[in-house]
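If you want the building blocks of each chain, they are given just below.
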Amino acid sequence: MGSVSKKQLRGVCKTEEDEGPSPEENSESFHGVGVCKWFNVRMGFGFLSMTSREGVPLEEPVDVFVHQSKLHMEGFRSLKEGEAVEFTFKKSSKGLESQRVTGPGGIHCVGSERRPKGKKVQKRRSKGDRCYNCGGLDHHAKECKLPPQPKKCHFCQSIDHMVASCPIKAQQSSPGSQGKLFSSKGDEEEHSQQAPPTETSD
């Protein structure tokens, strides 16, 4: 098998000799001052806008990558857009990366007021998912620890009929009774609607 020479590779990609020492070998760090350009609190990273390097003001701001693990602060780590920062950084294959980020004078970073949104799955499940065996909200029928219960109407919980023939659901879905809400007194309402009241005085 023939080998490809470095001269042939130069037209396609740079070699290690062209680039100099690798990022791992070049561990020299620098000091910078600037502000947070933007920071994604959910993903935990963003970019700093460096305005001064080693005490020398820059003509144009330079972007420096920042990860939440490099922030000097307690609790939830993040940065607020426009927040003043001081940092050490190094050159890597991806560009400039921060190593330690603090507030001015080495104080803790302020951070963003924003927080990642909560777990949507739990909210969605608590709205209406329930066990069809016992009616519990914290599990499904396949996870139910109770033995198989008598089949009952899923609308009014009666064991006399199924939901397809539920009289209460039929009355609520009829045009004349729209807007009525089902309450836990379903059986009482069913009896009071089937038989008109005989007493007219209190």
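Thresholds, definitions, all that
For every chain, the first residue of the written sequence is number 1, and numbering continues from 1 onward in sequence order. pLDDT decides what is reported in this predicted model: residues at 70 or higher carry local features, side-chain atom pairs at 80 or more are listed and counted, and totals for whole chains, interfaces and linings draw on all residues regardless. To obtain the side-chain values, all non-hydrogen atoms of the structure were included, while hydrogens and water were left out. By salt bridge we mean one thing: a side-chain nitrogen of Lys or Arg within 4 Å of a carboxyl oxygen of Asp or Glu. A run of H or I in DSSP counts as a helix once it spans at least four residues, and a run of E counts as a strand once it spans at least two, with each numbered from the N terminus. We call a residue buried when its accessible area falls under 20% of the maximum for its residue type, exposed when it is over 50%, and partly exposed in between, using a 1.4 Å probe and counting protein chains only. UniProt positions are given in the numbering used here, feature names are shortened, and annotations may be inferred rather than shown by experiment. Here a cavity means grid points, on a 1 Å grid over the protein atoms only, where a 1.4 Å probe fits yet cannot get out; a pocket means an open set of points with protein on both sides within 12 Å along at least five of seven lines; lining residues are those with an atom within 4 Å of a point. Grid points are joined across faces, edges and corners, and a volume is the space filled by probe spheres set on the points. Polar here means any residue outside two lists: the nonpolar Ala, Val, Leu, Ile, Met, Phe, Trp, Tyr, Cys and Pro, and the charged Asp, Glu, Lys and Arg; Gly therefore counts as polar. Two strands are counted as paired when DSSP detects at least two bridges linking them. In what follows, a contact means two residues having at least one pair of non-hydrogen atoms within 4.5 Å. Per residue, pLDDT measures the predictor's confidence, with a range of 0 to 100. The criterion is simple. A nonpolar core is a set of buried Ala, Val, Leu, Ile, Met, Phe, Trp, Tyr and Cys residues joined through side-chain atoms within 4.5 Å.

Here the focus is the pattern of salt bridges. Counted under the stated rule, the structure contains 2 salt bridges. Of the charged contacts, one joins Lys-80 and Glu-113 as a salt bridge, the two residues approaching to 3.2 Å between their closest N and O atoms. With Lys-80 in the loop between strand E3 (56-67) and strand E4 (84-92) and Glu-113 in the loop between strand E5 (95-102) and helix H3 (120-128), this residue pair connects regions lying 33 residues apart in the sequence. A residue is classified by how much of its surface remains accessible, and Glu-113, at 60% relative accessible area, is exposed.

Another point: the UniProt feature "domain: CCHC-type" (unreviewed entry) in the protein chain. Residues given the UniProt feature "domain: CCHC-type" (unreviewed entry) here are residues 130-145. Between the end C-alpha atoms of residues 130-145 the distance is 14 Å, and the span holds 0% helix and 0% strand.

Moving on: empty space enclosed by the protein. What the rule picks out here adds up to 1 cavity of 30 Å³ or more. Here the largest cavity defines a volume of roughly 50 Å³. Lining of the largest cavity is provided by Arg-130, Cys-131, Tyr-132, Cys-134, Gly-135, Lys-152, His-154 and Gln-157. Of the residues assigned to the lining of the largest cavity, the class counts are 3 nonpolar, 3 polar and 2 charged.

Further remarks concern the pairing of strand E2 (residues 45-53). Here 8 bridges tie strand E1 (residues 29-40) to E2, and the two strands are oriented antiparallel to one another. Within E2, the position partnered with Phe-39 by the bridge is Gly-46. Here E1 folds back onto E2, and the loop between the two strands holds 4 residues, one of which, Gly-44, carries a positive phi near 80°. In the sheet, E2 pairs with E3 via 8 bridges, with the strands oriented antiparallel. Following the sheet pairing, Phe-45 is matched in E3 by His-67. What sits between E2 and E3 in their antiparallel hairpin is a turn of 2 residues, with Glu-54 showing a positive phi close to 55°.

Looking now at the side chain of His-161. Structurally, His-161 is set in the loop between H3 and helix H4 (167-173). For His-161, a relative accessible area of 14% gives the class buried. In contact with His-161, not counting residues within four places along its chain, are Lys-152, Cys-153, Cys-156, Cys-166 and Pro-167.

Take the confidence of the model for the protein chain next. The share of residues in the protein chain with pLDDT of 70 or more is 66%, and the mean pLDDT across the chain is 75. Counting interchain partners and residues more than four positions distant, the pLDDT-below-50 stretch residues 119-127 has 4 contacts. Across residues 177-195 the pLDDT falls below 50, and counting only partners more than four positions away or on other chains, this stretch makes 15 contacts in the model.

Counting residues in hydrophobic clusters, the biggest one holds 17 residues, and the most contacted among them are Leu-48, Leu-79, Phe-87 and Val-101. In this structure, Leu-48 is in contact with Val-35, Cys-36, Lys-37, Val-62, Asp-63, Val-64, Val-66, Leu-79, Val-85, Phe-87, Ser-98 and Val-101, ignoring residues within four places of it in sequence.

If you trace the backbone, Gly-111 turns up in the loop between E5 and H3. Owing to a relative accessible area of 5%, Gly-111 belongs among the buried residues under this scheme. Each C-alpha atom of the pair Gly-111 and Glu-81 lies 8.8 Å from the other, and the pair is 30 residues apart in sequence. For Gly-111, the residues in contact, after removing those within four places along its chain, are Met-73, Ser-78, Leu-79, Lys-80 and Glu-83.

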